[in-house]
Amino acid sequence: MSEESKTFTDEELISQLPQSITKSLQWPPQISEVAQTLGSDEQPEERVGKKAKIMSELPDYMKIEHQQGEMDKPFFRGAIWGKLQQNPLAVIGIGVTCVFFTKAVLGSVRNDAPMSINKNLRNRVKAQGFAITMIALGFLYTQQKKKNAAVSQQGDYPSDQ
């Protein structure tokens, strides 16, 4: 005797679930407006209207990034490259932290001497402290730079007295 396997439909499977679970499920699944906009074959004018609606629903920080053109930049030419240019010592500190951590993990896998592993972990903490200090100093420098730019812009316009 051979047993045939029966294929259940989605409705049959859901009908077998307890009521508490089926209430939490949204059936049939709803496609979000963003997915509909991206996958539709509409005219470009209609898409612009939907894109404007989606943009109006974004959080403020994402609106600012979009206005500054950050969303259009490739990842490595935008975010990482910009951070490296803003604060190279912080990126170097983070890299050195990762190197010491990797050396400590590999040392423990290879069963190196415990003092060697401990030394690498201590150096990781020192490098991490350096990285955090550089991040804080970079932030303060950026804030001071913005403040100076705002003051210089106010000084360029003649006052109405």
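Before any of the text, the structure's been laid out above.
Novice: Explain helix H7 (residues 88-109) here, please?
Specialist: Helical geometry note: an α-helix holds 3.6 residues per turn, so side chains three or four residues apart project in the same direction. Across its 22 residues, H7 extends 32 Å between first and last C-alpha, which sits within 8% of the 32 Å expected from 1.5 Å per residue. All buried positions along H7 are accounted for by Ala 90, Gly 93, Thr 97, Ala 104 and Gly 107. Down the axis, H7 shows its buried residues gathered within 120 degrees of arc, on one side only. Trailing H7 by a residue or two, Asn 111 shows a phi angle of about 60 degrees, which is positive.

Novice: Hey, could you run me through the pattern of salt bridges in this one?
Specialist: Close approach of charged atoms allows side chains of opposite charge to pair. As enumerated under the stated definition, the model contains one salt bridge in all. A salt bridge links Asp 112 to Arg 110, with the shortest nitrogen-to-oxygen separation between them at 3.2 Å. For Asp 112, a relative accessible area of 28% translates into the label partly exposed. Taking relative accessible area as the criterion, Arg 110 reaches 55% and is therefore assigned exposed.

About the thresholds
- Residues numbered from 1 in each chain as written.
- Predicted model: local features only at pLDDT ≥ 70, side-chain atom pairs only at ≥ 80, totals over all residues.
- Heavy atoms only, no water.
- Helix = DSSP H or I, 4+ residues; strand = E, 2+ residues; numbered from the N terminus.
- Expected span 1.5 Å × (residues − 1).
- Buried < 20%, exposed > 50% of the residue type's maximum accessible area, 1.4 Å probe, protein only.
- Arc of directions from axis to C-beta.
- Salt bridge = Lys/Arg side-chain N within 4 Å of Asp/Glu carboxyl O.

Structural measurements only, silent on function.
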